[in-house]
Amino acid sequence: MSRILFVVPPLTGHINPTAAVGAELAARGHDVAWAGQQAALRSLLPESARIFPVDGDAFDARVADVRDHRRPPRGPAAMKFVWENLIMPLAHTMLPGVTDAVAQFAPHMVVADQQAIAGAVAARQAGAVWVTSASTPGELLRPPGMREVEAWVRDQMTAFQLACGVSDPADLRFSDRLVLVFTTAALIGDTRGFGARYVFTGPALARRPDRESSFPWEWLDPARRHLLVTLGTLSGPAGPRFFRTVSDAVSDLGGELQAVLAAPPGEPAPPHILFAGHVPQLALLPHLAAVVCHGGQNTVCEALAHGLPLVLTPMRHDQPIIARQVADAGAGIALRIDQLRATDLRRAVRAVLDDPSYRAAAGVVRDSFAAAGGASTAADHLEKLV
């Protein structure tokens, strides 16, 4: 039995894959634990999960600042924004707690998310095997014009490691032993240029403590198609206007569909629109015909794993990259959220619902995910290193 420590940022889409892989490893007899923000982990992991808290006011405030940023940049500036305002500050605030977790748990292996680079540093300091969890393609695929930002990112990582007493700085985003990438070539594109240490597992999905009983399942009319609309957990100030636009877009479609909006109740809505502050997403997906979302990797992969086409309105960070992947795969339509009109959104929703090519393309991605193996494949590769 090996001890394996997952180090994650307080972001749902980055925690969920590790929950599935951790459950698979635990079922195989390994001792598994997590280091990260306690509240985020407790809401997404089983009650029995062992958690080493890495909390603090500065830690929580940093995530809130990024979530509430009113004008998140796009393109190369978006990557620098994430590193400058989230990844590097989290590295500094997480490192003491992660170092303590490594000392207490004495893991044989540390699986560090690409946005929780303190895990890689703590593992290297302790001499533990270090593996990368790549829950988003943002660090794997660079948009044009990234050379200067890439050099800046590398300088930040080098300075951080030297300050921590690491004399041989490495690229903390990519383990030299194993990089688990939770997608496939059907979505990310040609993967032949990546080395052998990159393993494309497809999404790792696992049942979550989603409080399914609180959702009004009886509201779903089996005679109509169902649409989920969500902006994930980092919608920030864009949320209210977006959901008003969605409500306008589908207001006259009640005869053929019902829309579940993952947002707090707002103004009175027609009876075919349900505002639900909490949505048990994985449990709901098998009942859906399509998904409208922000282009977050977690929601996109979960929808495609169920063969559902998407309408995407990316807001920030890596979301434009992911939205473009879905559109290039033919599995959805990408719209600009800052130019979003109800008529455009209505047209896109009708297209992904009525044009069978979108569902067929989503099915191709779904099949590639299933063939890749998800959590089981990830666990197989981890076991080879411990």
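Procedures and definitions
- Residues numbered from 1 in each chain as written.
- Predicted model: local features only at pLDDT ≥ 70, side-chain atom pairs only at ≥ 80, totals over all residues.
- Heavy atoms only, no water.
- Pairing = 2+ DSSP bridges.
- Helix = DSSP H or I, 4+ residues; strand = E, 2+ residues; numbered from the N terminus.
- Axes fitted to C-alpha atoms, helices over the stretch in contact; angles between N-to-C directions.
- Core = buried A, V, L, I, M, F, W, Y, C linked by side-chain atoms within 4.5 Å.
- Buried < 20%, exposed > 50% of the residue type's maximum accessible area, 1.4 Å probe, protein only.
- Contact = heavy atoms within 4.5 Å.
- Parallel < 35°, antiparallel > 145°, perpendicular 65-115°, else oblique.
- Nonpolar A, V, L, I, M, F, W, Y, C, P; charged D, E, K, R; others polar.
- Disulfide = S-S within 2.5 Å.
- Left-handed = near helix turned anticlockwise from the far one by under 90°.

*Asks:* I keep staring at the sheet that holds strand 3 (residues 50–53) and nothing clicks. Help me out?
*Replies:* Two orientations exist for strands paired in a sheet by backbone hydrogen bonds: parallel and antiparallel. The parallel open sheet is built from 7 strands, whose spatial order is 3-2-1-4-5-6-7. The open sheet has two edge strands, strand 3 and strand 7 (198–200), and neither has a second partner. The average undirected angle you get between the axes of adjacent strands in this sheet is 25 degrees.

*Asks:* Can you help me understand the nonpolar core in this one?
*Replies:* Nonpolar side chains tend toward joint burial in soluble globular proteins. Of all hydrophobic cores here, the largest spans 40 residues; its most connected members are Leu 5, Trp 83, Val 98 and Ile 117. Those elements that provide at least two residues to this core are strand 1 (3–7), strand 2 (31–36), helix 4 (76–105), strand 4 (109–113), helix 5 (118–126) and helix 6 (147–163). With 14 residues, the top contributor of residues to this core is helix 4. Non-local contacts of Val 98, meaning those with residues more than four positions away in its chain, are made with Val 7, Ala 35, Val 54, Ala 118, Gly 119 and Ala 122.

*Asks:* Before we go on, may I ask you to explain the packing of helix 10 (residues 297–305) against helix 13 (residues 356–372) in this structure?
*Replies:* Angle between the axes and distance between the axes: these two values describe a pair of packed helices. Where helix 10 meets helix 13, the axes come as close as 8 Å, and the angle between the chain directions of the two elements is 95 degrees. What the angle tells us is that helix 10 and helix 13 run roughly perpendicular. Between helix 10, through Cys 301, Leu 304 and Ala 305, and helix 13, the contact on the second element is made entirely by Ala 362, Val 365, Arg 366 and Phe 369. Grouping the constituent residues of the contact of helix 10 with helix 13 by class yields 6 nonpolar, no polar and 1 charged.

*Asks:* Explain the state of the cysteines to me, please; I cannot follow it from the model alone.
*Replies:* By the definition in use, this model includes 0 disulfides. Not part of a disulfide, Cys 293 finds its nearest cysteine sulfur in Cys 301, a span of 10 Å.

*Asks:* Help me out: how do you make sense of the packing of helix 1 (residues 12–27) against helix 14 (residues 374–383) in this one?
*Replies:* Here helix 1 crosses helix 14 at 60 degrees, and the two axes come no closer than 9 Å. On the basis of the axis angle, helix 1 is oblique to helix 14. Of the two possible hands of crossing, helix 1 and helix 14 adopt the one that is right-handed. In this structure, helix 1 uses Ala 20, Val 21, Glu 24 and Leu 25 to contact helix 14, whose residues at the interface are Ala 375, Ser 376, Ala 378, Ala 379, Leu 382 and Glu 383. Here the residues of the contact of helix 1 with helix 14 sort into 7 nonpolar, 1 polar and 2 charged.

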